[in-house]
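So the chains spell out like this:
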Amino acid sequence: MIALGSDHGGYSLKEHIKAYLEAKGIAFKDFGTHSTDSCDYPEFGRAAAEAVASGECERGIVVCTTGIGISIAANKVHGVRCALCRDLLSAQLTRRHNNANMLALAGGFTGPFEAEHIVDAFLTTAFEGGRHERRVNAIEE
Ligand SMILES: O=C(CO)[C@H](O)[C@H](O)COP(=O)(O)O
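Computed from a predicted structure; not experimentally measured.

### A word on the nonpolar core
No. 1: In terms of nonpolar packing, the biggest core is built from 18 residues, with I17, I61, L103, L105 and V119 touching the most fellow members.
No. 2: Every element with two or more residues in this core is listed here: β1 (2-6), α1 (11-24), β3 (59-64), β5 (102-106) and α5 (112-124).
No. 3: By size, the runner-up hydrophobic cluster in this structure holds 15 residues, among which are A3, V52, C57 and M102.

See the structure below:
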């Protein structure tokens, strides 16, 4: 189960990702926003992040115009490791090295086709563990 969240600046890309996940048979829960009306990203970043931290959702994907504000908001929730990724390699590396459980995307800069590749990498790349586990544990502590 994937938690989704966005503000108005990420709404269009979130809707695209919903259709993409649906086509792949991946379940998701949309924590809003539900229109392009102006709203505040901390509310939606927090809602999606809390669903991940509680275990209700395994991973989360959040979107605002830059991806920055909503990733900052999500990372305030203990247990969340939200990575803003604007390229495929970053998405792979944040899974391999950081065990990121949330992905932030930039709705104003990342196109839908590129976003699909980033989402695929985020959902399919495994955490490497080893020396990276020690570092991730230190963050949690
Ligand atoms: O990217 C964002 C936060 O990092 C927001 O989407 C952005 O700040 C919204 O701005 P505006 O209200 O001017 O559309």
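### Observations regarding the site of the ligand
No. 1: Lining the immediate environment of the ligand, one finds D7, H8, Y41, C64, T65, T66, I68 and G69.
No. 2: A distance of 2.8 Å separates an oxygen atom of the ligand from a polar atom in the backbone of G69.
No. 3: Residues of the shell around the ligand, tallied by class, amount to 3 nonpolar, 4 polar and 1 charged.

### Describing the UniProt feature "active site" (unreviewed entry) in the protein
No. 1: Summarizing the sequence annotation, UniProt attributes the feature "active site" (unreviewed entry) to C64 and H97 in the numbering used throughout. What stands out for the annotated residues spanning 34 residues is how far apart their C-alpha atoms range, the widest pair being 24.2 Å apart.
No. 2: Following the sequence through the fold, C64 ends up in strand β3.
No. 3: Residues contacting C64, with those up to four places away along its chain left out, are D7, G9, G10, Y41, G69, I70, L105, A106, G107 and G108.
No. 4: With respect to the helices, strands and loops of the structure, H97 is situated in helix α4 (residues 88-98).
No. 5: According to the relative accessible area criterion, H97 is partly exposed, its value standing at 27%.
No. 6: Apart from the residues lying within four places of it in its own chain, the contact partners of H97 are F127, E128, R131, H132 and V136.

### So, the packing of α1 against α5
No. 1: Closest axis-to-axis distance for the α1/α5 pair is 10 Å, and the angle between their directions is 55°. One element, α1, and the other, α5, form an angle in the oblique class. Note that α1 runs across α5; the crossing there is right-handed. Contacts from L13, H16, I17, Y20, L21 and K24 in α1 reach P112, A115, E116, V119, D120 and L123 in α5.
No. 2: In terms of residue class, the contact of α1 with α5 is made up of 8 nonpolar, 1 polar and 3 charged.

### Considerations on unusual backbone geometry
No. 1: Here the amide bond leading from G32 into T33 is cis, since omega sits at 5°, within 30 degrees of zero.
No. 2: Despite not being glycine, N99 has its phi angle at roughly 50°, a positive value.
No. 3: Among the secondary structure elements, N99 is positioned in the loop between α4 and β5.

### Looking at the pairing of β5
No. 1: Of all 5 residues in β5, 5 are buried, a share of seventy percent or more.
No. 2: Along β5, one buried face is formed by M102, A104 and A106 and the opposite face, lined by L103 and L105, is buried too.
No. 3: When β3 meets β5, the two strands line up parallel, connected through 5 bridges. Counted as the bridge partner of V63 is L105 from β5.
No. 4: Assessed by its sense of winding, the connection that carries the chain from strand β4 (residues 82-84) through α4 to β5 is right-handed.

Calculation rules
Residues numbered from 1 in each chain as written. Predicted model: local features only at pLDDT ≥ 70, side-chain atom pairs only at ≥ 80, totals over all residues. Heavy atoms only, no water. Core = buried A, V, L, I, M, F, W, Y, C linked by side-chain atoms within 4.5 Å. Buried < 20%, exposed > 50% of the residue type's maximum accessible area, 1.4 Å probe, protein only. Helix = DSSP H or I, 4+ residues; strand = E, 2+ residues; numbered from the N terminus. Near = heavy atom within 4 Å. Polar contact = N/O pair within 3.5 Å; in protein donor to acceptor, adjacent residues only side chain to side chain. Nonpolar A, V, L, I, M, F, W, Y, C, P; charged D, E, K, R; others polar. UniProt positions renumbered as here; feature names shortened; annotations may be inferred. Contact = heavy atoms within 4.5 Å. Axes fitted to C-alpha atoms, helices over the stretch in contact; angles between N-to-C directions. Parallel < 35°, antiparallel > 145°, perpendicular 65-115°, else oblique. Left-handed = near helix turned anticlockwise from the far one by under 90°. Pairing = 2+ DSSP bridges. Right-handed = clockwise from strand over helix to strand, strands pointing away.

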